[in-house]
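# Notes for the structure review
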Amino acid sequence: CQPTIRILCKPYEYATLQEYGVVKNLSAVGLVDPFNPYMRISLYIGLIIASPWVFYQIWMFIAAGLYKHERKYVVYAVPFSVILFISGALLFLFYISYPLMIAFTMFNKWMGVDPIVTLENHVDFMTNMMFVFGLCFQMPIVVLFLGKMGLVTVKSLGRYRKYVIVAILILAALVTSPSPLDQVALAIPMWLLYELGVLLVYILVERKRRAEDAAMGYKPLDD
């Protein structure tokens, strides 16, 4: 658990080293305050280690009520979803958090403020943002699901692209900190993942549907 906390603290330490020339350690308000993030990170690590068994049990529960072709979709979707979630979390941890911490540190220095950053607050911020990035990286799964349900088509997804981009920017502003840096850092990957979702709808839904229609002798209709 301690090495994981050290990794989470690295962006803050790097930012203070860049701006002040010395690494500033995170603080604690009370004697037992460091115990809370330690236990929280221990719980997260335990969930990660147990996740294969947890997912297996969830899968066994869900599979009992699914048809054979529906099980196939879940088998492909779940690993893809997990990979996207982990990718989003790691993107923030190893790439976004460093310039973000530097930006906050530069602003505080410019304001002449020397903030007292506690270990608990920092760990909360880092883990919450990792969760937000991982969750928002589910965009292709959501778009593909809507396509499978017949609620959207490639043409409609393209037609409403500008509205989707605005919605992504609003969502990024709501779920991240007030800094424009991490809002844009989340919005750009979400937009790219939206485009990936459009591509998946075309490949896995519309192209397959058109091939089936052609095999049946139906003429393709304009959406």
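Notes on the structure follow.

Scoring rules and cut-offs
- Residues numbered from 1 in each chain as written.
- Predicted model: local features only at pLDDT ≥ 70, side-chain atom pairs only at ≥ 80, totals over all residues.
- Heavy atoms only, no water.
- Helix = DSSP H or I, 4+ residues; strand = E, 2+ residues; numbered from the N terminus.
- Buried < 20%, exposed > 50% of the residue type's maximum accessible area, 1.4 Å probe, protein only.
- Expected span 1.5 Å × (residues − 1).
- Bend = angle between axes of the 7 residues up to and from the residue.
- Salt bridge = Lys/Arg side-chain N within 4 Å of Asp/Glu carboxyl O.
- Contact = heavy atoms within 4.5 Å.
- Axes fitted to C-alpha atoms, helices over the stretch in contact; angles between N-to-C directions.
- Parallel < 35°, antiparallel > 145°, perpendicular 65-115°, else oblique.
- Nonpolar A, V, L, I, M, F, W, Y, C, P; charged D, E, K, R; others polar.
- Core = buried A, V, L, I, M, F, W, Y, C linked by side-chain atoms within 4.5 Å.
- Phe/Tyr/Trp six-rings, centres within 6.5 Å; stacked < 30°, edge-to-face > 60°.
- Lys NZ or Arg CZ within 6 Å of the ring centre and 35° of its normal.
- Patch = residues over 30% accessible without salt bridge, like charges linked within 9 Å, V, L, I, M, F, W, Y side chains within 5 Å.
- Areas by Shrake-Rupley, 256 points an atom, 1.4 Å probe, with all protein chains shown as cover.

### With respect to the side chain of Thr16
Relative to the assigned elements, Thr16 resides in helix 1 (residues 2–20). Classification of Thr16 as buried rests on a relative accessible area of 2%.

### Considering helix 1
Taking 1.5 Å of rise per residue, the 19 residues of helix 1 would be expected to cover 27 Å, and the 25 Å separating its terminal C-alpha atoms lies within 8% of that figure. The largest bend in helix 1 amounts to roughly 40° and is located at Cys9, with the proline Pro11 lying one to four residues further along. The first or second residue beyond helix 1 is Gly21, which carries a positive phi of 75°.

### Concerning the pattern of salt bridges
Counting across every chain of the model gives 5 salt bridges. For Arg6, the salt bridge identified is with Glu13, shortest N-O distance 2.7 Å. Here Glu120 ties to Arg40 by a salt bridge, and the two come within 3.8 Å at their closest N and O atoms. In this pair, Glu120 is assigned in helix 4 (residues 119–136) and Arg40 in helix 2 (residues 35–63), connecting sequence segments 80 residues apart. Residue classification places Glu120 among the partly exposed residues on the basis of a relative accessible area of 23%. Taking the relative accessible area as the measure of exposure, Arg40 reaches 22% and is therefore partly exposed.

### Description of the side chain of Thr105
Relative to the assigned elements, Thr105 resides in helix 3 (residues 68–111). Look at Thr105 and you get buried, because its relative accessible area is 9%. Beyond its immediate sequence surroundings of up to four residues, Thr105 is in contact with Ala15, Thr16, Glu19 and Tyr20.

### Looking at the packing of helix 1 against helix 4
As a packed pair, helix 1 and helix 4 sit with axes 10 Å apart at the nearest point and diverge in direction by 95°. Here helix 1 is positioned roughly perpendicular relative to helix 4, judged by the angle of their axes. Together, Ile5, Leu8, Cys9, Pro11 and Tyr12 of helix 1 and Leu119, His122, Val123, Met126, Thr127 and Met130 of helix 4 make up the contact between the two elements. A breakdown of the residues in the contact of helix 1 with helix 4 according to their chemical character gives 9 nonpolar, 2 polar and no charged.

### Observations regarding the nonpolar core
Within the largest apolar cluster, 39 residues are counted, with the highest numbers of intra-cluster contacts made by Leu8, Phe92, Phe133, Met139, Leu157 and Leu186. Contact partners of Phe92, with chain neighbours within four places excluded, come to Ser97, Leu100, Phe125, Met126, Met129, Met130 and Phe133.

### Focus on the environment of Ile41
Its location among the elements puts Ile41 in helix 2. Put simply, Ile41 and Val123 are 82 residues apart on the chain and 8.6 Å apart in space, counted from C-alpha to C-alpha.

### Things to note about the environment of Asp33
Checked against the element boundaries, Asp33 lands in the loop between helix 1 and helix 2. A sequence separation of 86 residues divides Asp33 from Leu119, and the C-alpha atoms of the two residues are 8.1 Å apart. Those residues in contact with Asp33 that lie beyond four places of it in its chain are Ala28 and Glu120.

### So, the packing of aromatic side chains
One pass over the full model with this rule turns up 6 aromatic pairs. Where Phe92 meets Phe125, the ring centres are 6.2 Å apart and the plane angle is 70°; that geometry is what we call edge-to-face. Taken together, the positions of Phe92 in helix 3 and Phe125 in helix 4 put the pair 33 residues apart, joining distant regions of the chain. Measuring from centroid to centroid gives 5.8 Å for Phe107 and Trp110, while their planes differ by 45°, and the two rings are tilted. In this pair, Phe107 and Trp110 are both assigned in helix 3, 3 residues apart and thus about one turn of the helix distant. Every member of this aromatic cluster is reached through a ring pair, and the members are Phe92, Phe125 and Phe133. Sitting over the face of the ring of Tyr20, Lys109 holds its NZ or CZ atom 5.6 Å from the ring centroid.

### Quick notes on a nonpolar patch on the surface
Nonpolar side chains collect at one region of the surface, where Ile165, Leu169, Val184, Ile188, Trp191 and Leu192 lie side by side and expose about 520 Å² of accessible area between them. Where the nonpolar patch is concerned, the elements lending two or more residues are helix 7 (161–175) and helix 8 (180–215). When residues of the nonpolar patch are assigned to their parent elements, the largest contribution, 4 residues, is made by helix 8. Among the structural elements, Ile188 can be located in helix 8.

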